[in-house]
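Fold and contact review
Take a look at the letters that make up each chain.
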2 protein chains.
Amino acid sequence: MSLPHALLTSLLEQPCSGMDLARRFGRSIGFFWPATHQQIYKELGKLEAAGWVRSSAEEGARGRKRCYEVLPAGEQELKRWVAETDEPPPLRDALMVRLRAEAALGTGAGVENDLLHRLARHRTQLALYENIEQRDFTGRELSAAEQLQYLILQSGLATEREHIRFCEKALVLLETLETAGV
Amino acid sequence: MSLPHALLTSLLEQPCSGMDLARRFGRSIGFFWPATHQQIYKELGKLEAAGWVRSSAEEGARGRKRCYEVLPAGEQELKRWVAETDEPPPLRDALMVRLRAEAALGTGAGVENDLLHRLARHRTQLALYENIEQRDFTGRELSAAEQLQYLILQSGLATEREHIRFCEKALVLLETLETAGV
DNA sequence: CCAGACATGTAAATTGTTACATGATTGT
DNA sequence: ACAATCATGTAACAATTTACATGTCTGG
């Protein structure tokens, strides 16, 4: 589980409140580790209990904004974790199951719906990434940290492009099979 | 959740027992929808309760092999589901969090470990997919169902190749940054 | 001062993982 | 008959999602 370390990273970049974290997750780290505010609040509580972060407000101040910042112990922990290894995350994609189901059913069962839907989503996401690329990483010298962030964005760009290629290819194949089948 | 429909698909291709399913998941559908035997048994119970499959043995025959097959209602349900749409699965990759953490820590914190480890895994997986491609999809005419299955395999091939490219690129960049940093 | 937005949380349901338990079958 | 293995299952736990609840601040 990487949520605690994703939070430490984000707080190290910029100390802020839980709600701010939730918003920033929607724009940066969240592309690769999504999290809702509910998860974030619970995890921040654990981080504070572990002595990895501290917050500006007293306990139980419900509704009042509290700012979290990383403590030295938290930075140590983050360093330790960065040097660990993980297994690559298992793929788990319903679209592939649908395609295989379509093959097993042996008929125009309607995967096109999902293919078209995803094609649209991946194009939107690609456009979003391309905007970020244009805005943040184009036309100037990049610091070391920025070069790493750009690398991560490029992974997202490549992934979306690959998904788009795949959906298009699948749609062409289905078209071919159906006209041949008729 | 696609596990029930992945099971229906697999049973439609070939009726078999829970343990057989678990093994076949390791080789085909499981590449895109992993599942352990514990999950599979629980889900088979629900499928049977729903009237979508039936099994060869009486209830409570613990330890004795039972063969499951899809009923017409199950096939109907699978057809219905194939025509639905899903959101693309959210990415969730600790490696990206590590890279961003390395950027935030601003030092040789050791992401190389994970990059090298994954590079090896993705190369192994690619080799596996290439074997399957060679064995099952090369040098002969393919039926419509086989063309769809091949398409799915090609998605796996493309994904692994993309990951390999990414890891190599990241390692080169880190190398550059570190020699420049010293 | 109060309506609406903002911020922080709690609770329950779903899904998936890990560890373990038990019955049947097979080879020697 | 007995050990090893196969097959089925249970239990406890961890992570994530969804829905809801409560407190604070701000503009009119």
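Residues numbered from 1 in each chain as written. Chains lettered and ligands numbered in written order. Predicted model: local features only at pLDDT ≥ 70, side-chain atom pairs only at ≥ 80, totals over all residues. Heavy atoms only, no water.

Right, let's talk about the overall build of chain A for a bit. Looking only at helices and strands, chain A has seven helices and two strands in total. Taken from the N to the C terminus, the helices and strands of chain A come in the order α-α-α-β-β-α-α-α-α. Relative to a compact globule of 182 residues, whose C-alpha radius of gyration would be 16 Å, chain A shows 21 Å and is clearly more extended. Along the first, second and third principal axes, the C-alpha set of chain A runs to 70 × 40 × 35 Å. Taking all 182 residues of chain A together, the buried fraction comes to 48%. Taking the contacts inside chain A whose residues are at least 6 apart along the sequence as the reference set, 54% of them involve residues at least 24 apart. As presented, chain A carries roughly 9200 Å² of accessible surface, and 52% of it is formed by carbon and sulfur atoms. Where the 23 positive side-chain charges of chain A centre and where its 26 negative ones centre are 5 Å apart. (Helix = DSSP H or I, 4+ residues; strand = E, 2+ residues; numbered from the N terminus. Rg over C-alpha atoms; globule rule 2.2 N^0.38 Å. Buried < 20%, exposed > 50% of the residue type's maximum accessible area, 1.4 Å probe, protein only. Contact = heavy atoms within 4.5 Å. Areas by Shrake-Rupley, 256 points an atom, 1.4 Å probe, with all protein chains shown as cover. Lys, Arg positive; Asp, Glu negative; His and termini not counted. Charge placed at Lys NZ, Arg CZ, Asp CG, Glu CD.)

In the vicinity of DNA strand D lie 21 residues, with Gln-38 of chain A together with Met-19, Arg-23, Gln-38 and Tyr-41 of chain B positioned nearest. Here DNA strand D approaches the protein such that, of its atoms within 4 Å, sugar and phosphate make up 63%. Gln-38 of chain A places a side-chain nitrogen or oxygen 2.7 Å from a base nitrogen of DNA strand D. One of the side-chain nitrogen or oxygen atoms of His-37 of chain B is found 3.1 Å away from a base oxygen of DNA strand D. (Near = heavy atom within 4 Å. Polar contact = N/O pair within 3.5 Å; in protein donor to acceptor, adjacent residues only side chain to side chain.)

On to the pattern of salt bridges. Throughout the structure, instances matching the rule amount to 36 salt bridges over all chains. Its salt-bridge partner being Arg-98 of chain A, residue Glu-84 of chain B comes within 4.0 Å of it at the nearest N-O pair. Of this pair, Glu-84 of chain B sits in the loop between helix H4 (72-82) and helix H5 (94-105) while Arg-98 of chain A sits in helix H5 (residues 94-105), each in a different chain. Here Glu-84 of chain B makes a salt bridge to Arg-80 of chain B, at a shortest N to O gap of 2.9 Å. Overall, Glu-84 of chain B belongs to the partly exposed group, its relative accessible area being 35%. (Salt bridge = Lys/Arg side-chain N within 4 Å of Asp/Glu carboxyl O.)

What follows is about the packing of aromatic side chains. Enumeration according to the criterion identifies four aromatic pairs over all chains in this entry. Judged by centre distance (5.0 Å) and plane angle (10 degrees), the rings of Phe-137 of chain A and Tyr-150 of chain A are stacked. Note that Phe-137 of chain A is positioned in helix H6 (residues 111-137) and Tyr-150 of chain A in helix H7 (residues 144-181), a separation of 13 residues in sequence. Per residue, the accessibility class of Phe-137 of chain A equals that of Tyr-150 of chain A, and both read buried. A ring pair is formed by Phe-31 of chain B and Tyr-129 of chain B, whose centres lie 5.2 Å apart and whose planes are at 80 degrees; its orientation type is edge-to-face. In this pair, Phe-31 of chain B sits in the loop between helix H2 (18-25) and helix H3 (37-49) while Tyr-129 of chain B sits in helix H6 (residues 111-137), placing the two residues 98 residues apart along the sequence. Each member of the pair, Phe-31 of chain B as well as Tyr-129 of chain B, carries the same accessibility label: buried. Over the ring of Trp-33 of chain A we find Arg-92 of chain B, and its NZ or CZ is 5.7 Å from the ring centre. (Phe/Tyr/Trp six-rings, centres within 6.5 Å; stacked < 30°, edge-to-face > 60°. Lys NZ or Arg CZ within 6 Å of the ring centre and 35° of its normal.)

What follows deals with the protein's contact with DNA strand C. Residues in contact with DNA strand C amount to 21 residues; listed here are only the nearest, Met-19, Arg-23 and Tyr-41 of chain A together with Met-1 and Gln-38 of chain B. Within 4 Å of the protein, atoms of DNA strand C come from sugar and phosphate in 65% of cases. Taking Lys-65 of chain A, its side chain carries an N or O atom lying 3.2 Å from a phosphate oxygen of DNA strand C. Measuring from a phosphate oxygen of DNA strand C, one finds a backbone N or O atom of Arg-66 of chain A at 3.0 Å. Each residue belonging to the surface near DNA strand C can be placed in one class, and the counts come to five nonpolar, eight polar and eight charged. (Nonpolar A, V, L, I, M, F, W, Y, C, P; charged D, E, K, R; others polar.)

All right, on to the nonpolar core then. Looking at soluble globular proteins, one finds that nonpolar side chains tend to be buried together. Counting 108 residues, the largest nonpolar core has Leu-99 of chain A together with Leu-99 of chain B as its most contacted members. Leu-99 of chain A has contacts with Val-111, Leu-115 and Phe-166 of chain A together with Leu-148, Leu-151 and Ile-152 of chain B, leaving out every residue within four places of it along the chain. (Core = buried A, V, L, I, M, F, W, Y, C linked by side-chain atoms within 4.5 Å.)

On to the relation of the copies chain A and chain B. Of the transformation placing chain A onto chain B, the axial shift is 0.0 Å and the rotation is 180 degrees, giving an RMSD of 0.1 Å. Taken together, the turn and the small shift mark the pair as related by a two-fold rotation axis. Comparing contact sets, 100% of the residues at the interface of chain A also lie at the interface in chain B, consistent with an isologous, same-surface contact. (Least-squares fit on C-alpha atoms with pLDDT ≥ 70 in both.)

Within the UniProt annotation, "domain: Transcription regulator PadR C-terminal" (unreviewed entry) is assigned to residues 91-175 of chain A. Helix makes up 84% of residues 91-175 of chain A and strand 0%, and the two end C-alpha atoms of the span are 27 Å apart. (UniProt positions renumbered as here; feature names shortened; annotations may be inferred.)

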